[in-house]
Amino acid sequence: VDTDYILGCNVSSAVITINLQSAAIAGEGRTLVIKDEFRNSHNYNITVDPYLTQTIDGGITKVIKSSGASITIYCDGSNWHII
């Protein structure tokens, strides 16, 4: 939802894809922290997928592969960037 700041994800048994809303709707300055909350070894990833042709640091997706890892992203009104 629009008020979310931290998205905690439990990937203990399945891959998760987070589909970001349009950067134009999210608005300049919108910040999200996406965290893999599962702290044991696993084979599941979290894929962060921007809206349509928008990017995260120039890439079409960002994949969180490590247990316990996180990324913080912000919106510039057109695309998303990793802090």
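Here the structure is a predicted model, which is why all the values come from computation and not from measurement.

A. Spatial organisation of the state of the cysteines. Counted by the stated rule, this structure contains zero disulfides. Here Cys9 stays free of any disulfide, with the sulfur of Cys75 as its closest cysteine sulfur at 19 Å. With a relative accessible area of 7%, Cys9 lands in the buried category.

B. Representation of the nonpolar core. Residues Ile18, Leu20, Ile34, Ile46, Val48, Ile73 and Trp80 are the most contacted members of the largest nonpolar core, which totals 18 residues. Elements supplying a minimum of two residues to this core: β1 (6-9), α1 (23-26), β3 (31-36), β4 (46-49) and β6 (70-75). When residues in this core are grouped by element, the largest group, three residues, is from β6. Those residues within four positions of Ile34 in sequence are excluded, and the remaining contacts are Leu7, Cys9, Ile18, Ile46, Val48, Ile64, Ala69, Ser70, Ile71 and Ile73.

C. Representation of the environment of Tyr51. Looking at the element boundaries, Tyr51 is found in the loop between β4 and β5 (62-64). For the pair Tyr51 and Lys62, spaced 11 residues apart in the sequence, the C-alpha separation amounts to 12 Å. Every residue in contact with Tyr51, bar those within four places of it in the chain, is listed here: Leu20, Gln21 and Ser22.

D. Spatial organisation of the sheet that holds strand β2 (residues 16-19). Within the open sheet, the three strands sit side by side as β2-β4-β5. Their pairing is mixed. Of all the strands in the sheet, just β2 and β5 have a single pairing partner and so form its edges. Each strand of the sheet is rotated relative to its neighbour by a mean of 20°, with strand direction disregarded. Pairing of β4 with β5, which is carried by three bridges, proceeds in the antiparallel orientation.

E. Molecular detail of the environment of Gly58. Looking at the element boundaries, Gly58 is found in the loop between β4 and β5. Residue classification places Gly58 among the exposed positions, given a relative accessible area of 64%. For the pair Gly58 and Trp80, spaced 22 residues apart in sequence, the C-alpha to C-alpha distance is 8.4 Å.

F. Molecular detail of the side chain of Ser22. Mapped onto the elements of the fold, Ser22 is located in the loop between β2 and α1. Using a relative accessible area of 11% as the deciding quantity, one classes Ser22 as buried. A distance of 3.4 Å separates polar atoms of two side chains, one belonging to Ser22 and the other to Gln54. With residues near it in sequence (within four places) discarded, Ser22 still touches Tyr51 and Gln54.

Parameters at a glance
- Residues numbered from 1 in each chain as written.
- Predicted model: local features only at pLDDT ≥ 70, side-chain atom pairs only at ≥ 80, totals over all residues.
- Heavy atoms only, no water.
- Disulfide = S-S within 2.5 Å.
- Buried < 20%, exposed > 50% of the residue type's maximum accessible area, 1.4 Å probe, protein only.
- Core = buried A, V, L, I, M, F, W, Y, C linked by side-chain atoms within 4.5 Å.
- Helix = DSSP H or I, 4+ residues; strand = E, 2+ residues; numbered from the N terminus.
- Contact = heavy atoms within 4.5 Å.
- Pairing = 2+ DSSP bridges.
- Axes fitted to C-alpha atoms, helices over the stretch in contact; angles between N-to-C directions.
- Polar contact = N/O pair within 3.5 Å; in protein donor to acceptor, adjacent residues only side chain to side chain.

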